[in-house]
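Geometric and topological summary
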Amino acid sequence: MSEIKAPAFKDTAEQSAKLQEVIAKYKGTDGALIPVLHEAQEIYGYIPYEVQQKISDGLGVPMAEIYGVVTFYTQFSIYPKGEYKFAVCLGTACYVKGAGDIIEKIKDRLGIDVGQCTDDGKFSLDATRCIGACGLAPVLTVNDDVYGRLTVDDIDGILDKYMN
Amino acid sequence: MELARGHVLVCGGTGCTSSGSNNIIEQFEKSLAEKGLQDEIKVVRTGCFGLCALGPIVIVYPEGAFYSLVTPEDVPEIVEEHLLKGRIVKRLLYKETVVDDDNIKSLNEVDFYKKQQRIALVNCGVINPESIDEYIAFGGYSALGKVLSEMKPQDVIDEIKESGLRGRGGGGFPTGLKWQFTANAQGDKKYVACNADEGDPGAFMDRSILEGDPHSLIEAMAIAAYAVGADEGYVYIRAEYPIAVNRLRIAIEQAKEYGLLGKNIFDSGFNFELDIRLGAGAFVCGEETALMTSIEGHRGEPRPRPPFPAVKGLFGKPTLLNNVETYANITAIINNGAEWFKTIGTESSKGTKVFAVGGKINNTGLVEIPMGTTLREIVYEIGGGIPNGKKFKAAQTGGPSGGCIPANLIDTPIDYDSLISIGSMMGSGGLIVMDEDTCMVDIAKFFLEFTVDESCGKCAPCRIGTKRLLEILNKITSGNDTLEDIDRLEQLCYSIKNAALCGLGQTAPNPILSTLKYFRDEYVAHVVDKKCPAGVCKALLSYVIEPDKCKGCSLCAKKCPVGAIEGVVKNPFTIDTSKCIKCGVCMDSCKFGAISKR
């Protein structure tokens, strides 16, 4: 995997307190680790080493196991994501309808590869599993906005919207 | 409850929400208030209607007017004309429902719905999924009441066995038998679990049930728990389905409030608690043992079977695991009886199956058909055929574990056994239609890329073997291979099938084997002629300017990023194939259609 430049981890008192709350809520329940990781990612946007360490201390689960779980599931990221998270669905329906070309076009424009984030922290690009909006294939999501029935020509307009 | 004069049903499934149905609901509420109709007309956000291609969809009752591709700007007109003045807005109607100027057809007579029979999806698009009262008004929780007051656990199991229901997650294992095994297992504690980790790309039926009718799952899981002797349940659901997760959460809270979950349900002494666990994006977690490992909080790696989950499952206890759609059939079987259920479907496959139909087809969306319906009926009658007059080439079922059904087998009745006999499988119900522009080698490669990515790495045949398969496919699509490679590919497929630990690995070679079986000539064309017949595999294509169509405008030469196009203005240009990187910009930019790929 190529080295990804990541900005230093920042933690606010509020985030830290929230995480401790989450840990306290789940501590002692069976299979607590994954729900805690979900909520930790919700709080910080990603799960860097420092956050894993806090969870390890809080739940009493070894770091090795936490790192193993975090890197196993694609939903969890140890790198920060961009302010605008571009995600192109690569489910079969979207693929058959040309999602591959859409992703190439975005890679071209942003100058990053799938899984990476631009240097200014504004844009990141992911290829996602089927999001189930197959009726709208091919589909791109940017944070919570959904763009469907896309053609390659639509991409410039969409990117321009977020660049300004 | 106050009675409303009319109801506006707006689809709130993921498809329609993605195309903006939330704005439409807001606009309806605003426009109705402006006209003072807010107490007479009720706006309901429902689950999926199934015809996602035409979303956002709005249905107005009592007339049953089916409006498609509605925009927020259309809403004031619907309110003013239809709801205030009683005149249906014809220009917005789904055109299949229009008979003539004065009449509209009921939805059940439209081609898309005519051949469907809704059991699992019966409430989807009909009730407000966030209201337990509406579910109860439509007969909800009566099956649970019947089971707890009139039936012994063994009676329930016998009824399910008798119905012939088979697992809808893809394997097709008889559901009643699974329940029996779990009931027979010895243990102080048992669990029921639901697999809602719908990972097959292109399949979204489970999501639609969760979004449109979450209470039916809760009710069925409670029935299952009673039958097998469990008191705790988990729903393992994909985190990628936020709407479904949210509605299920609401439904569980409501059921608890009404005493339909918790202690001493219906004063029967039966206790049942239900909780949600979110998946985190790992396809392998759809495999039953991996799913349980994941609920336990670990890397979702499968375990060897036996012991089967019915004996040693979640946290080492006997566990019953069924898929969402399987559970969605339970209440109907209890309410109407196994005899009724058996009248639907084929000899070996009873009931209906929900398919998510997508790809190169006009009516993309969700359909529920009786088992035994042919692929032709799905594609041409329900699905409305292939867009742009293209030819049907194949349909892919079963996702990365399944295979292709070629055009000459389009009349195969769809059930578990017929699909296996032609080298595909039912799978969870994704059905992707492909036309003549789809390269079958490329599709096999697409699925292998998926399985390579999703292989958990625990067993070598899957971890290393699928990677080797993909490498061979890459060689084929880039033109660097020999005929022996095809033989090696086939041999390796069988080795992996025999040796892999879990279902993911054992079925990973299926997309290759089935395309080899029906489209071997396409593989050979790639290898021997170094051509991709469908014009998809870039390395095997070359772009050519047709001299008689080229006007010599030089636009392509200006657009070409590598300067591979040369010529004199007003004379035909030519492409230097040694420089060409096959990006296709020239073809897109040519205004005269003079550039083609071969």
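A quick note: this is a predicted structure, and the numbers were derived from the prediction, not measured.

What follows deals with the sheet that holds strand β1 (residues 6-11) of chain B. All names here are of chain B. Taken together, 4 strands build an open sheet; the order of strands is β2-β1-β3-β4 and the sheet is mixed. What marks the edges here is a single partner per strand, and that holds for β2 (41-46) and β4 (65-67). Neighbouring strand axes in the sheet, compared pairwise and without regard to direction, differ in orientation by 20° on average. Pairing analysis gives 6 bridges linking β1 to β2, with the strands arranged parallel. Note on β2: the bridge partner recorded for His-7 is Lys-42. Its contacts with the sheet put helix α3 (residues 75-84) on β1, β2, β3 (58-61) and β4, and the angle it makes with β4 is roughly 170°.

Per the domain assignment, the segments of chain A are domain 1 (13-72) and domain 2 (84-163). Between the C-alpha centres of domain 1 of chain A and domain 2 of chain A the distance comes to 30 Å.

Turning our attention to the domain arrangement of chain B. All names here are of chain B. By the assigned domains, chain B splits into domain 1 (6-108), domain 2 (132-341), domain 3 (352-435), domain 4 (440-529) and domain 5 (542-597). Placing the centre of domain 2 and that of domain 3 at their C-alpha centroids yields a distance of 27 Å. Listed by partner, the interface residues are 16 residues for domain 2 and 20 residues for domain 3. Between domain 2 and domain 3, the buried area comes to about 1400 Å², and carbon and sulfur atoms account for 57% of it. The tally of links between domain 2 and domain 3 comes to 2 salt bridges. In this structure, Asp-417 and Arg-166 form a salt bridge, with 3.3 Å as the shortest nitrogen-oxygen distance. Applying the counting rule to domain 2 against domain 3 returns 8 residue pairs in polar contact (both at pLDDT 80 or more). Put simply, the parts of the chain that give the side of domain 2 that touches domain 3 at least two residues each are α9 (205-212) and α13 (324-336). By residue class, the composition of the side of domain 2 that touches domain 3 is 5 nonpolar, 7 polar and 4 charged.

What follows deals with the interface of chain A and chain B. Taken residue by residue, the interface counts 32 residues in chain A and 50 residues in chain B. When chain A packs against chain B, the two sides together hide about 3300 Å² of surface, and 59% of this comes from carbon and sulfur. Where chain A touches chain B, the interface holds 2 salt bridges. In this structure, the salt-bridge partner of Asp-453 of chain B is Arg-129 of chain A, at a minimum N-O distance of 2.9 Å. Scanning the region where chain A abuts chain B turns up 16 residue pairs in polar contact (both at pLDDT 80 or more). Counting only elements with at least two residues in the side of chain A that touches chain B, the list comes to α2 (33-44), α4 (63-72) and α5 (92-96) of chain A. At 5 residues, the largest contribution of residues to the side of chain A that touches chain B is made by α4 of chain A. Among the residues forming the side of chain A that touches chain B, the class breakdown is 17 nonpolar, 10 polar and 5 charged.

Here the focus is the environment of Val-43 of chain B. Residues and elements named next belong to chain B. Relative to the elements of secondary structure, Val-43 occurs in strand β2. A sequence separation of 11 residues divides Val-43 from Leu-32, and the C-alpha atoms of the two residues are 9.4 Å apart. Look past the residues within four positions of Val-43 in its chain and what remains in contact with it is Val-8, Val-10, Ile-25, Phe-28, Glu-29 and Leu-32.

The next thing to look at is the pattern of salt bridges. All names here are of chain B. Counted according to the given criterion, the structure contains 46 salt bridges over all chains. Notably, a salt bridge pairs Glu-81 with Arg-87, separated by 3.0 Å at the nearest N-O pair. The class for Glu-81 is partly exposed, based on a relative accessible area of 22%. By relative accessible area, Arg-87 is classed as partly exposed at 46%. A salt bridge links Lys-390 to Asp-437, with the nearest nitrogen and oxygen atoms 2.8 Å apart. One end of the pair, Lys-390, is in the loop between α15 (375-382) and β12 (392-397); the other, Asp-437, is in the loop between β14 (430-435) and α17 (440-454), with 47 residues separating them in the sequence. The exposure class of Asp-437 is partly exposed, given its relative accessible area of 33%. Through salt bridges with shared partners, a single ionic network connects Lys-35, Glu-80, Glu-81, Lys-85 and Arg-87.

This part is about the side chain of Gln-52 of chain A. Residue and element names in this part refer to chain A. Mapped onto the secondary structure, Gln-52 falls in helix α3 (residues 49-59). Using a relative accessible area of 2% as the deciding quantity, one classes Gln-52 as buried. When residues no more than four places from it in sequence are discounted, the contact partners of Gln-52 are Ile-47, Met-63, Ile-66, Tyr-67, Val-70 and Ile-78.

All right, on to the environment of Ile-334 of chain B then. By the secondary structure assignment, Ile-334 of chain B is in helix α13. In the structure, Ile-334 of chain B is positioned 175 residues away from Glu-159 of chain B in sequence and 7.4 Å away in space, judged by C-alpha atoms.

A cis amide bond links Arg-305 of chain B with the next residue in sequence, Pro-306 of chain B, at an omega value of -5°. Its place among the elements puts Pro-306 of chain B in the loop between α12 (288-295) and β9 (319-323). Of the consecutive residues Pro-306 of chain B and Pro-307 of chain B, the connecting peptide bond is found in the cis state with omega at 5°. Turning to its location among the elements, Pro-307 of chain B is positioned in the loop between α12 and β9. Even without being a glycine, Asn-143 of chain A presents a positive backbone phi close to 50°. Relative to the elements of secondary structure, Asn-143 of chain A occurs in the loop between β3 (140-142) and β4 (145-147). Unusually for a residue other than glycine, Leu-69 of chain B sits at a positive phi of about 45°. Tracing the chain through its elements places Leu-69 of chain B in the loop between β4 and α3. Leu-69 of chain B gets classed as partly exposed once you look at its relative accessible area, which sits at 43%.

Counting residues in each nonpolar core, the largest one holds 107 residues, and the members touching the most others are Phe-86 and Leu-140 of chain A together with Trp-179, Val-192, Phe-272 and Tyr-327 of chain B. Here this core gets 11 residues from one element, more than from any other, and that element is helix α10 (residues 214-228) of chain B. In contact with Phe-86 of chain A, other than residues within four places in its own chain, are Ile-106, Phe-123, Ser-124, Leu-125, Asp-126, Leu-140, Thr-141, Val-142, Ile-158, Leu-159 and Tyr-162 of chain A. Val-284, Cys-285, Ala-290 and Met-292 of chain B belong to the second largest nonpolar core, which has 67 residues in total.

Looking now at the packing of α2 of chain A against α3 of chain A. Each pair of packed helices can be summarised by the angle the axes make with each other and by the distance between the axes. All names here are of chain A. α3 packs onto α2 with a crossing angle of 140° between their chain directions and a minimal axis gap of 11 Å. It follows from the interaxial angle that α2 and α3 lie oblique. Crossing of α2 over α3 shows right-handed handedness. Contact with α2, carried on its side by Leu-33, Val-36, Leu-37, Ala-40 and Tyr-44, involves Val-51, Lys-54, Ile-55 and Leu-59 of α3 and no other residues of that element.

The rules behind these values
- Residues numbered from 1 in each chain as written.
- Chains lettered and ligands numbered in written order.
- Predicted model: local features only at pLDDT ≥ 70, side-chain atom pairs only at ≥ 80, totals over all residues.
- Heavy atoms only, no water.
- Pairing = 2+ DSSP bridges.
- Helix = DSSP H or I, 4+ residues; strand = E, 2+ residues; numbered from the N terminus.
- Axes fitted to C-alpha atoms, helices over the stretch in contact; angles between N-to-C directions.
- Contact = heavy atoms within 4.5 Å.
- Domains from an automatic or database assignment.
- Buried area = accessible area lost by both parts, 1.4 Å probe.
- Salt bridge = Lys/Arg side-chain N within 4 Å of Asp/Glu carboxyl O.
- Polar contact = N/O pair within 3.5 Å; in protein donor to acceptor, adjacent residues only side chain to side chain.
- Nonpolar A, V, L, I, M, F, W, Y, C, P; charged D, E, K, R; others polar.
- Buried < 20%, exposed > 50% of the residue type's maximum accessible area, 1.4 Å probe, protein only.
- Core = buried A, V, L, I, M, F, W, Y, C linked by side-chain atoms within 4.5 Å.
- Parallel < 35°, antiparallel > 145°, perpendicular 65-115°, else oblique.
- Left-handed = near helix turned anticlockwise from the far one by under 90°.

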